[in-house]
Every structure is written in C-alpha cells, then in structure tokens.
Amino acid sequence: MRIDVTSGRGRISVGPPGGPTETIPASVKVTITDALPYDVEARLEWSPTVGKLAVRKICCTALPGGDDVSPTGIARIALRDTIQIALETEYLGGTGWPGLLDKHRDHDPLAVDALIYLLAVALQSPKPTATVALARGLSPASGPKRVLTARKAGLLPETEPGKSAGA
C-alpha cells in the first residue's frame, strides 16, 4: 500500500485559547494506491463547525483486473483509520505525539492536553480523549479526566457527552 498526502492552500491554526498551537493545512488530498480492493482518493477540508479536516469527497477506482467498485467493497476498506494514520504521520512527523509533547514542554501541561485533544479531533482521531492519555504514556482511561479538566479551565469548547468537539 502506498499513501500520499498532499496539502492544499491555506493553513489553519489549531490550539486552545492563548496557545500553544500547531498549524495544519485547510485542505488535504489523501491518495491510497496499490491496496486491495481499490485505489482511493479522499479530499478533506477544514470545517470550523466540527473543528476538523472533514471528508468532502471519496473516489474509489477499481484496480485493473479487480472487482468492480461496490458498497460492500468500500465497506471493507478501513478508510477512517488509514486517513487518520496518514494525517498523523504527515503532520506530526516521525516523532508523533511524544514529539509534540516535547516541542511544547515549556507550556502549561493542561494547555498541551487541550492542544493534543484539538489536534487529534482535527486529524480524524476516533478517540481524542484516549489520544491525550496515550500521548503522555498513560492509560487511555485517564484521558476523559484530563480532557474534562481542560474543558473546565476554558481551554476546550463544551460538547455533548460522547461527542468530540474541536474548533
């Protein structure tokens, strides 16, 4: 499998009020080739409503000699996970979340937790609260408490229980 991530024009600053922040592109194209059952191109654009790079278009192309594109075939592709991993690899670099922690080690740890959460949402993480804990080498179960503390401090927007909120 080969994955290419191409940044579009424009940049978005992601982070809690007062920083720290990270900058990501306002639009991205993720191209997945040499994978069964299809080649895939996904276009994502920044959505301020949900505070993330939202998928706006998916195009699946049957491989030569392969199966036709079908809803069943599309359902077998782990698109969300593949896109999330591609975005994290591209925009966090080889050091991942630990590198982000190190980069912002001089900032308030609560604000860094908020940054990690907001960036995880922005990059399609299905479990941004767990990402906060895992980035710090902690049990995923400690993530909700850390995120709630950051939210109570005004570093994260309010949200409905069970739903992540960026922006």
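The rules behind these values
- Residues numbered from 1 in each chain as written.
- Predicted model: local features only at pLDDT ≥ 70, side-chain atom pairs only at ≥ 80, totals over all residues.
- Heavy atoms only, no water.
- Pairing = 2+ DSSP bridges.
- Helix = DSSP H or I, 4+ residues; strand = E, 2+ residues; numbered from the N terminus.
- Axes fitted to C-alpha atoms, helices over the stretch in contact; angles between N-to-C directions.
- Buried < 20%, exposed > 50% of the residue type's maximum accessible area, 1.4 Å probe, protein only.
- Polar contact = N/O pair within 3.5 Å; in protein donor to acceptor, adjacent residues only side chain to side chain.
- Salt bridge = Lys/Arg side-chain N within 4 Å of Asp/Glu carboxyl O.

**Thoughts on the sheet that holds strand β6 (residues 52-62)**
And step 1. Strand order in the open sheet formed by four strands is β1-β4-β5-β6, and the pairing between neighbours is antiparallel. Only two strands of the sheet have a single partner each, and these edge strands are β1 (2-7) and β6. Each strand axis lies, on average, 15° off the axis of its neighbour in the sheet, ignoring direction.
And step 2. Looking at chain direction, strand β5 (residues 38-47) and β6 are connected through 10 bridges and run antiparallel. In the strand pairing of β6, D39 is matched with T61.

**Topic: the side chain of S125**
And step 1. Tracing the chain through its elements places S125 in the loop between α4 (109-122) and α5 (128-135).
And step 2. Note on S125: relative accessible area 6%, which makes it buried.
And step 3. At 3.2 Å, the side chain of S125 forms a polar contact with the backbone nitrogen of K127.

**Some words on the pairing of β5**
And step 1. Two strands pair when backbone bridges link them, and strand β4 (residues 27-33) and β5 are joined in this way by six bridges, in the antiparallel orientation. Looking at the pairing, S27 lines up with E45 of β5.
And step 2. Linking two consecutive strands that pair antiparallel, namely β4 and β5, is a turn of four residues; a positive phi of about 60° is found at D34 within it.
And step 3. Where β5 folds back on β6, the antiparallel hairpin that results is connected by four residues, among which G51 adopts a positive phi of roughly 65°.

**Focus: the pattern of salt bridges**
And step 1. Here the structure, examined in full by the defined rule, presents six salt bridges.
And step 2. Between K103 and E22 there is a salt bridge, with the nearest N and O atoms lying 3.0 Å from each other. Residue K103 is found in helix α3 (residues 96-103), and its partner E22 is found in strand β3 (residues 22-25); the two are separated by 81 residues along the sequence.
And step 3. Residue class for K103 comes out exposed when judged on its relative accessible area of 56%.

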